[in-house]
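# Descriptive analysis of the structure
So the chains spell out like this:
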Amino acid sequence: MIPASDDPRGFGIYVHWPFCRAKCPYCDFNSHVREAIDQGRWRAALLRELSHYAEATPDRIVTSLFFGGGTPSLMDPETVGAVIAAVKAAWPVAPDLEVTLEANPTSIEAEKFRAFRAAGVNRVSIGVQALDDDILKFLGRQHSAREAIRALEIGRATFDRMSFDLIYARPGQTLPAWQAELDAALDLAKGHLSLYQLTIEPGTVFEQRVARGDFQPMGEDAQAALFDWTAARLEEAGLAGYEISNHARPGEESRHNLTYWRYGDYIGVGPGAHGRLTLGDRKIATRQHRAPEAWLDLVERDGHATRQRLEVEPAARLSEMVMMGLRLAEGIPAARFRAETGRVMEEALDPARLARLVEGGFLGVESGRLKATAEGRARLDAVLGALLA
Ligand code: SF4
């Protein structure tokens, strides 16, 4: 079991940097390409929005800070350092505060790793995506396999904790090819790997290319076979799957992402960032303005660019918690479910639906926890549809 910080005052902070060198054709994140970025202006705006949220969240303790994007490794290390310093000045922080920065493995960015560490980053998550130049080209990435390997070597030597991402279940990928690539990745890994299946998202260039017939996404059965083999291989290598796409040695799990999956509290600053905050009995969902320049103008004018601040209704709160929690191998403890929803799990969830999914081998209730089985996690969308519909 992954240790949890049980202090209810604990929460995470997400900082969104919305810029990338180029837009990858599969990406539907809030990421944009700009010729020039005024780092000083962006730094001042991030600090202002942080200070707005600090006023709204006294008495909280920061357990994790996550720089995501976009490509946060394009930030000046001074900007990263200023954000970390502002967080530490505004809130008490946990003694083992996790500070993660997502990075792309171009040589220019890898050369900044030491400066990021000096600024206070203690964990890096590198978007490697593939270890083959032709595939990197297909994915529209800006780095070569050689650069990625070099960045991983620098990352390993610079940070105690490191993760990297790979995208698999790509068109035409065979099991032997994936086996060889994953074994090479395991040789380069430290304690954490994120392995995502390629999905064709609406509004992306890949969606247009699939519609034109340029390529066919991998079929579901082939994807499932790769997923099952991957889970077994990572388990054997000592990096158990603690979440559908995330694998770690014990203690190396991403504490920040665990906060999301355990339905804990976090604030989000920067364009399009989301947050969830418990205020008394209420859960508040926040979302910042999505467009980078509009976000910047609003923060400079009002001190924040909160576009939405809504109470999460009880039914939505229950669904969100179940959708997040069943992604985790540890599942959802009954006590946490009750504390969040005020209801007993077996009564709040439709007993007939629950029983059918347990009988079908997709869900289980074990030591007071509701869990998706490996079979259930492999097809979680369908399981959630059958449980919560
Ligand atoms: S680098 Fe990451 S965030 Fe930026 S476009 Fe590519 S996948 Fe999206």
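Just above sits the structure.
Now for a description of the structure that goes with this document. Note that the structure is a prediction, hence the values are computed from the model and not measured. (Residues numbered from 1 in each chain as written. Predicted model: local features only at pLDDT ≥ 70, side-chain atom pairs only at ≥ 80, totals over all residues. Heavy atoms only, no water.)

### Brief notes about the overall build of the protein chain
Heads up, the condition is: Helix and strand definitions follow DSSP, with helices as H or I runs of at least four residues and strands as E runs of at least two, each counted in order from the N terminus. Both definitions apply: the radius of gyration is a C-alpha atom measure, and the globule rule equals 2.2 Å times residues to the power 0.38. Burial here depends on accessible area, computed with a 1.4 Å probe over protein chains only, as a share of the maximum for the residue type. Under 20% is buried, over 50% is exposed, and the range in between is partly exposed.
Counting secondary structure elements, the protein chain contains 17 helices and 15 strands. For the protein chain, the C-alpha radius of gyration of 21 Å lies close to 21 Å, the compact-globule estimate for 389 residues. Taking the principal axes of its C-alpha atoms as reference, the protein chain extends roughly 60 × 50 × 40 Å. Residue burial in the protein chain is summarised as follows: out of 389 residues, 51% are buried.

### Observations regarding unusual backbone geometry
Backbone torsion omega between G69 and G70 reads 25°, so that peptide bond is classified as cis. Position of G70 among the secondary structure elements: in the loop between strand 2 (61–69) and helix 2 (77–90). One non-glycine residue with positive phi stands out, namely Q129, at about 70°. With respect to the helices, strands and loops of the structure, Q129 is situated in strand 4 (residues 123–129). Of the residues examined, Q129 reaches a relative accessible area of 8% and is grouped as buried. Positive phi, normally seen in glycine, also occurs at S367, with a value near 45°. The topology assignment puts S367 in the loop between strand 14 (363–366) and strand 15 (369–372). Overall, the relative accessible area of 72% leaves S367 in the exposed class.

### Some thoughts on the pattern of salt bridges
For clarity, the threshold we go by: We define a salt bridge as a side-chain nitrogen of Lys or Arg found within 4 Å of a carboxyl oxygen belonging to Asp or Glu.
A complete count under the given rule lists 26 salt bridges for this structure. In this structure, E252 engages R161 in a salt bridge whose closest nitrogen and oxygen atoms are separated by 3.5 Å. With E252 in the loop between strand 8 (246–248) and helix 10 (255–261) and R161 in strand 5 (residues 161–168), this residue pair connects regions lying 91 residues apart in the sequence. We note a salt bridge from D265 to K283, for which the minimum N-O separation is 3.4 Å. Note that D265 is positioned in the loop between helix 10 and strand 9 (266–269) and K283 in strand 11 (residues 282–288), a separation of 18 residues in sequence. Across the pair, exposure class does not vary: D265 and K283 are buried alike. Because the salt bridges share partners, they merge into one network encompassing R60, D265, K283, R317 and E340.

### Remarks on the packing of helix 7 (residues 175–188) against helix 9 (residues 220–236)
In plain terms, the rule: Orientation is described by axes fitted as lines to C-alpha atoms, over the contacting stretch for helices, and by angles from 0 to 180 degrees between their N-to-C directions. Roughly parallel refers to an angle under 35 degrees, roughly antiparallel to one over 145, roughly perpendicular to one between 65 and 115, and oblique to any angle outside these ranges. When the near helix sits turned anticlockwise from the far one by under a right angle, the crossing is termed left-handed; a clockwise turn instead gives a right-handed crossing. We call two residues in contact when some of their heavy atoms are within 4.5 Å. Each residue receives one of three labels: charged for Asp, Glu, Lys and Arg, nonpolar for Ala, Val, Leu, Ile, Met, Phe, Trp, Tyr, Cys and Pro, and polar for the others, Gly being one of them.
Two elements in contact, helix 7 and helix 9, have axes separated by 11 Å at closest approach and are oriented at 30°. The angle between the axes of helix 7 and helix 9 places the two elements in the roughly parallel class. Note on packing geometry: the crossing formed by helix 7 with helix 9 is right-handed. Here helix 7 contributes L175, W178, Q179, L182, D183 and L186 to the contact with helix 9, which in turn contributes L226, W229, T230, R233 and L234. Residue composition of the contact of helix 7 with helix 9, grouped by class: seven nonpolar, two polar and two charged.

### Brief notes about the environment of A148
Turning to its location among the elements, A148 is positioned in helix 6 (residues 145–158). Owing to a relative accessible area of 0%, A148 belongs among the buried residues under this scheme. In this structure, the C-alpha to C-alpha distance between A148 and F227, residues 79 residues apart in sequence, is 24 Å. Aside from chain neighbours lying at most four places away, what touches A148 is P105, V128 and H143.

### Remarks on the packing of aromatic side chains
Worth spelling out the cut-off: Only Phe, Tyr and Trp rings are paired, with Trp represented by its six-membered ring, and only when their centres lie within 6.5 Å; those with planes under 30 degrees apart are stacked, over 60 edge-to-face, the remainder tilted.
Going through the model one piece at a time under the given rule, you end up with 14 aromatic pairs. Ring centres 4.6 Å apart and planes at 5° place the aromatic pair Y168 and W178 in the stacked group. Of this pair, Y168 sits in strand 5 while W178 sits in helix 7, placing them 10 residues apart in sequence. The burial state of Y168 is the same as that of W178; both residues are buried. Both rings, one in Y242 and one in W261, keep their centres 6.0 Å apart while their planes meet at 70°; by these two values the pair is edge-to-face. Linking Y242 in strand 7 (residues 240–243) with W261 in helix 10, this pair joins segments that are 19 residues apart in sequence. We note that Y242, like W261, is buried. Counting every residue linked through ring pairs, the aromatic cluster contains W17, F19, W42 and W295.

### Things to note about helix 6
Our working rule: By this rule, a helix spans an expected 1.5 Å times one less than how many residues it contains.
For helix 6, built from 14 residues, the straight-helix expectation of 20 Å at 1.5 Å per residue is met to within 8% by its first-to-last C-alpha distance of 20 Å. Along helix 6, the residues classified as buried are A145, A148, A151, L152, I154, G155 and T158. Check the buried side of helix 6 and you find it contacts helix 3 (107–110), helix 4 (113–119), strand 4, helix 5 (133–138), strand 5 and helix 7.

### Focus: the sheet that holds strand 15
In plain terms, the rule: Whether two strands pair comes down to DSSP finding at least two bridges between them.
In spatial order, the strands read 13-15-14; together these three strands make up an open sheet with antiparallel pairing. At either end of the open sheet lies a strand with only one pairing partner, and these are strand 13 (332–333) and strand 14. Two elements, strand 14 and strand 15, share four bridges in a ladder whose sense is antiparallel. Each bridged residue has a counterpart across the sheet, and for V365 the counterpart in strand 15 is L370.

### Quick look at the packing of helix 1 (residues 39–56) against helix 11 (residues 292–302)
Their axes nearest at 9 Å, the elements helix 1 and helix 11 cross at an angle of 60°. In terms of orientation, helix 1 lies oblique with respect to helix 11. Note on packing geometry: the crossing formed by helix 1 with helix 11 is left-handed. Contacts between helix 1 and helix 11 involve R41, W42, A45, L46, R48 and E49 from the former and P292, W295, L296, D297, V299, E300 and D302 from the latter. Looking at the contact of helix 1 with helix 11 residue by residue, the classes come out as seven nonpolar, no polar and six charged.

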